[in-house]
Structure formats: structure tokens, C-alpha cells
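Report on the structure
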Amino acid sequence: MSKDKIEEIIAATKLNDILRKKEVEVKKSKKVNIVVIVLAVLAAVAAIAAVAYAIYRYFTPDYLDDFDDDFDDDDFDDDFDDDDDFELEN
């Protein structure tokens, strides 16, 4: 074998190693891209759900505003004053 033939074989093996490394990197990057896409879709769904909930809370009427606060706490205390007049007989 001539020196040129040996150099061609060495160059071919180096080229083959480089191509295999790129194929492995492409496979890994495809797996990573799939994970990124899945996470992006989940984040988009969560964002849409958050916006929908915020809109729901904004448009839902607040029923506590309609509740009339007609209770007077002073009258409540007066009801128990009558019990003080009661005495136990032995």
C-alpha cells in the first residue's frame, strides 16, 4: 500500500467518525426539541387557563356587596342583659 492510500483511509475514518457524532447530536437535539415543545404546550395551556379564570373572576358578580348589613351588634348584647335579672332559688 502506498502512503496516499493509507492517508485516504485515515481521512475516510475521521470523516466517518465526524458524521457519526453529528448523527448522535441530531438525535439528541430531536429528543430535546420534543421535550421543549411538550413543555411549551403545557405552559400555553396553563396560561390560557389562568387568563380564563381571571376573566371569570372579573365578570362574576360579588354577592357580598348585595348583602345588607342590617344587623346591629348593640341589640345583640341587650338580649343577654335580661338573664342577669334572673336569680336561682335554692
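When its secondary structure is counted, the protein shows three helices and zero strands. The buried share of the protein, taken over its 90 residues, is 0%. About 9300 Å² of surface is accessible on the protein, with carbon and sulfur atoms providing 60% of the total.

Summed over all chains, the structure comprises two aromatic pairs. Taking the centre distance of 6.4 Å and the plane angle of 35 degrees together, the rings of Tyr53 and Tyr56 count as tilted. One end of the pair is Tyr53 and the other is Tyr56, both in helix α1 (residues 3–59) and three residues apart, which spans about a single turn. The same class applies to Tyr53 and to Tyr56, which are both exposed.

Here we come to a nonpolar patch on the surface. A contiguous nonpolar patch, built from Ile34, Val35, Val38, Leu39 and Leu42 and spanning about 480 Å² of accessible area, is present on the exposed surface. By the secondary structure assignment, Leu42 is in helix α1.

Confidence in the prediction of the protein, expressed as mean pLDDT, is 76, and 68% of residues score 70 or more. Across the protein, α1 holds the top mean pLDDT of 84, while helix α3 (residues 73–79) sits lowest at 54.

So, how was this worked out
Numbering of residues begins from 1 in every chain and follows the order in which that chain's sequence is written. Side-chain atom pairs in this predicted model are given and counted only at pLDDT of 80 or more, local residue features only at pLDDT of at least 70, and totals for whole chains, interfaces and linings cover all residues. To obtain the side-chain values, all non-hydrogen atoms of the structure were used and water was disregarded. Here a helix means four or more residues in a row that DSSP labels H or I, a strand means two or more in a row labelled E, and each is numbered from the N terminus. Note on exposure labels: buried denotes an accessible area under 20% of the residue type's maximum, exposed denotes more than 50%, and partly exposed covers the range between, all computed with a 1.4 Å probe on protein chains only. Areas reported as accessible are Shrake-Rupley estimates using a 1.4 Å probe. Residue values count occlusion only from the protein chains shown. Two rings from Phe, Tyr or Trp (for Trp, the six-membered ring) form a pair when their centres are within 6.5 Å of each other. A pair whose planes differ by under 30 degrees is stacked, one over 60 is edge-to-face, and the rest are tilted. Candidates for patches are residues over 30% relative accessible area with no salt bridge; among them, like charges are joined within 9 Å and nonpolar side chains (Val, Leu, Ile, Met, Phe, Trp, Tyr) within 5 Å. In what follows, salt bridge is the name for a side-chain nitrogen of Lys or Arg lying within 4 Å of a carboxyl oxygen of Asp or Glu. Per-residue confidence from the predictor is given as pLDDT, running between 0 and 100.

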